Amino acid sequence: MKETVKIVVVDDDAAIVEITCKLLEQAGYQTFAAYNGREAIEAAKALHPQMMLLDVNLPDISGFEICRQLRSDPQFEEMFIVILSSTYTDSESAAKGLELGADGYIFRPIGNRELVERIKAYLRIQQAEQRLKRIAQEWQTTFDSVNDAVFLTDADGSVIRCNRAAAEFAGRPAGELIGRKWWEVVHHLDQKIDDCPLSDVRETLERRSIVQEINGRRFHLSVDPVIGGDGRFIGTVHVITDITEEFQIQNALAERERQLKTLLSNLQGMVYSCLNDENWTMIFVSQGALDLTGYAPEELLHNRVISYESIIHPDDRAEVRRIVNDALAKQQLYELEYRIITKNGSIKHVWERGHGIWIDGRLNHLEGLITDITQRVKAEEDAKRAAREFQEIINSTNEAIFIDDAATGKMIMVNDRTVEMYGYNCAEEILAGNIGDLSANIPPFTEEEAQRRIRLAIEKGPQTFEWLAKRKNGEIFWVEVSLKKTEIGGKGRVLAVVRDISERKAAEEALRKSEEQFRMMFTQHGAVMLLIDPNDGRI
């Protein structure tokens with residue numbers, strides 16, 4: 001919705017104010033009355049009107065002084081001030097009012113229609129100025145958003161405009177650069193440099209570019225001519241781009257290429273590029289091929305001596321091709337392990353990781369890395385063998401053995417005796433549950449108490465205690481538990497050895513009952529009874 005224009009009418013004659021306000025309201029404007037200078041200034045601050053019609057003769061402050069005060073305040077910069085006077089109607093007074101900041105000066109008397117049309121004209125001027133100001137601000141904002149330093153010069157090389165980046169480049173406020181020669185601002189010299197592009201641009205009317213080092217940094221300087229409507233040279237546009245980082249990146253790239261070449265020559269493994277054909281034809285092979293396969297790179301390139309397909313163990317070739325082709329069909333990385341036969345006939349285990357290189361939607365070639373994992377495979381086999389031996393050892397004992405994770409308290413391994421003692425079908429069935437499933441869950445024989453005991457074993461040392469356990473079928477039985485913190489495979493573990501003491505507890509209970517019966521018989525019998533030690537005769 002279009003904003004209604006607000007106009008403050010200032011005059012000490014109430015009749016003139018009333019007539020003027022009514023006239024302007026009929027023209028579609030919103031008016032506000034002020035009868036002295038103080039009210040005029042207060043109205044301006046409170047209303048921020050688009051225009052003020054100001055009389056000169058006011059009872060407290062003259063219209064000239066009000067004009068001066070309002071113009072000195074930036075918040076009223078865009079408000080139009082028009083002086084109307086029937087007393088000060090000479091040109092000198094009009095000049096004074098305009099000099100103090102008035103945007104218009106109208107002599108009274110004036111016809112109503114002319115007054116309205118003049119106000120409309122002033123408002124059109126105001127709106128045009130505001131549009132121009134917005135355009136200028138937008139242009140300057142855009143100009144300042146350019147990261148490169150930009151200088152506009154006249155035909156003689158004097159700076160007439162620059163952006164924020166240019167001021168930062170010169171190390172001075174933009175206002176201090178205006179009027180200075182181009183070479184003073186950029187090169188800090190009193191005269192043009194020998195290869196200054198400005199001279200060539202003036203003669204050829206074509207762009208000229210140079211690269212220079214200034215204050216330890218590299219800059220690309222381009223100068224474009226500005227041609228007037230009559231075809232004459234009228235100035236230049238200088239653009240300065242800091243290419244220091246780009247230059248450093250180029251140097252770094254060259255250094256990286258050198259490092260990459262060194263890396264590839266020392267890498268434990270073979271970096272390759274090959275075709276996806278029946279021979280895996282190699283089009284690039286690093287020096288690591290010799291250590292890995294026994295064949296020099298030149299022997300593998302383009303199948304000159306042998307193809308890589310021939311090096312792969314015959315039993316693994318079909319699986320290698322299947323895995324690679326499946327990954328290529330999904331345009332994914334492939335990763336696999338297989339065996340190769342080296343030049344001297346030995347077998348090595350290798351790990352390969354690679355991917356397809358696609359150009360314009362079509363597979364061009366493959367790139368990847370192949371490394372020797374023979375020692376790792378051997379270590380894994382040794383570890384598996386050790387694990388089997390360890391399992392055999394713990395399965396040979398008569399006690400139930402649990403191995404728990406020291407960090408979580410979770411069961412991670414049990415032996416066969418555990419499965420038998422607790423009445424489960426297999427170890428996996430036990431490991432799927434928790435310690436609480438194997439406990440009577442009658443306080444204090446609960447999951448929480450069991451975890452507390454495990455923490456004690458970790459923090460304070462071995463723990464031995466009796467525990468009321470529960471079989472899978474719900475049968476409750478007594479066990480003796482020994483907990484000890486240990487380390488298996490480099491990880492913190494808790495070893496629990498559990499012995500079924502149900503028979504011992506039953507014997508202890510039978511003995512207790514027998515002693516109780518004997519005590520009752522002994523104490524309740526009517527005759528005198530003595531117990532005499534047969535060895536020394538003591539009672």
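For clarity, every value in this text was computed on a predicted model and none was experimentally measured.

> Looking at this structure, I do not really get the pattern of salt bridges. What am I missing?
Oppositely charged side chains can pair when the atoms bearing their charge come close. In the structure shown here, the tally under the stated rule is 35 salt bridges. Among the ionic pairs, Arg504 bridges to Glu466, the shortest N-O distance being 2.4 Å. Pair noted here: Arg504 is in helix α19 (residues 502-524) and Glu466 is in strand β18 (residues 463-470), with a separation of 38 residues, a long-range link. Of the residues examined, Arg504 reaches a relative accessible area of 31% and is grouped as partly exposed. For Glu466, a relative accessible area of 31% puts it in the partly exposed group. Via salt bridges that share partners, Glu466, Glu480, Arg499, Arg504, Lys505 and Glu508 belong to a single interconnected network.

> Would you explain empty space enclosed by the protein in this entry?
Vacant regions in the atomic arrangement are exposed by a probe of water-molecule size rolled over the atoms. All chains considered together, the criterion is met by three cavities of 30 Å³ or more. Of the pockets and cavities examined, the largest cavity occupies roughly 220 Å³. Taken together, 16 residues line the largest cavity, and the ones lying closest to its centre are Ile435, Ala450, Trp467, Val481 and Val498. When contributions to the lining of the largest cavity are tallied by element, the ones reaching two or more residues are β16 (400-405), α18 (447-460), β18, β19 (476-488) and β20 (491-500). With three residues, the single largest contributor to the lining of the largest cavity is β19. Across the lining of the largest cavity, the residue classes break down as 14 nonpolar, one polar and one charged. Along its surface, the second largest cavity is lined by Tyr272, Cys274, Trp280, Met282, Tyr308, Ile312, Val320, Val324, Tyr334, Tyr338, Glu352 and Leu366. Going through the elements one at a time, β11 (270-274), α14 (317-329) and β13 (334-341) are the ones with two or more residues in the lining of the second largest cavity. Of the residues that constitute the lining of the second largest cavity, the class distribution is 11 nonpolar, no polar and one charged.

> Would you take a moment to explain the state of the cysteines for this structure?
Defined simply, a disulfide is a covalent bond joining two cysteines at their sulfur atoms. Across all of its chains, the model carries zero disulfides by this definition. Of all cysteine sulfurs in the structure, the one in Cys21 sits closest to Cys67, which takes part in no disulfide; the separation is 19 Å.

> What should I look at first to understand the packing of helix α2 (residues 37-47) against helix α3 (residues 63-71) in this one?
Look at α2 against α3: their axes get within 10 Å of each other, and the N-to-C directions meet at 25 degrees. The orientation of α2 with respect to α3, classified from their angle, is roughly parallel. You can see that α2 and α3 cross each other, and the crossing is right-handed. Of α3, the residues touching α2 (which contributes Gly37, Ala40, Ile41 and Ala44) are Ile66, Gln69 and Leu70. Here the contact of α2 with α3 is composed, by residue class, of five nonpolar, two polar and no charged.

> Please explain α3 as it appears in this structure.
Turn by turn, an α-helix covers 3.6 residues, leaving residues three or four places apart pointing in a common direction. Where α3 is concerned, the buried positions are Gly63, Phe64, Ile66, Cys67 and Leu70. The buried residues of α3 occupy an angular sector of 160 degrees when projected down its axis, which confines them to one face. The inward-facing, buried residues of α3 abut α2, β3 (51-54), β4 (80-85), α4 (91-99) and β5 (104-107).

> Hey, could you run me through α4 in this one?
The set of residues buried in α4 consists of Ser93, Ala94 and Gly97. Buried positions in α4, seen along its axis, are confined to an arc of 100 degrees and lie on one side of it. The exposed set on the far side of α4, more than 90 degrees from its buried face, consists of Ser91, Glu92 and Glu99. Where α4 is buried, its residues meet α3, β4 and β5. One side-chain oxygen of the residue at the start of α4 lies 3.2 Å from the amide nitrogen of Glu92, identifying that residue as Asp90. Immediately beyond the C-terminal end of α4, within one or two residues, lies Gly101, with a positive phi of roughly 120 degrees.

Criteria and thresholds
- Residues numbered from 1 in each chain as written.
- Predicted model: local features only at pLDDT ≥ 70, side-chain atom pairs only at ≥ 80, totals over all residues.
- Heavy atoms only, no water.
- Salt bridge = Lys/Arg side-chain N within 4 Å of Asp/Glu carboxyl O.
- Helix = DSSP H or I, 4+ residues; strand = E, 2+ residues; numbered from the N terminus.
- Buried < 20%, exposed > 50% of the residue type's maximum accessible area, 1.4 Å probe, protein only.
- 1 Å grid on protein atoms, 1.4 Å probe; cavity = no way out; pocket = protein on both sides within 12 Å on 5 of 7 lines; lining within 4 Å.
- Points joined across faces, edges and corners; volume = space filled by probe spheres on them.
- Nonpolar A, V, L, I, M, F, W, Y, C, P; charged D, E, K, R; others polar.
- Disulfide = S-S within 2.5 Å.
- Axes fitted to C-alpha atoms, helices over the stretch in contact; angles between N-to-C directions.
- Parallel < 35°, antiparallel > 145°, perpendicular 65-115°, else oblique.
- Left-handed = near helix turned anticlockwise from the far one by under 90°.
- Contact = heavy atoms within 4.5 Å.
- Arc of directions from axis to C-beta.
- Polar contact = N/O pair within 3.5 Å; in protein donor to acceptor, adjacent residues only side chain to side chain.

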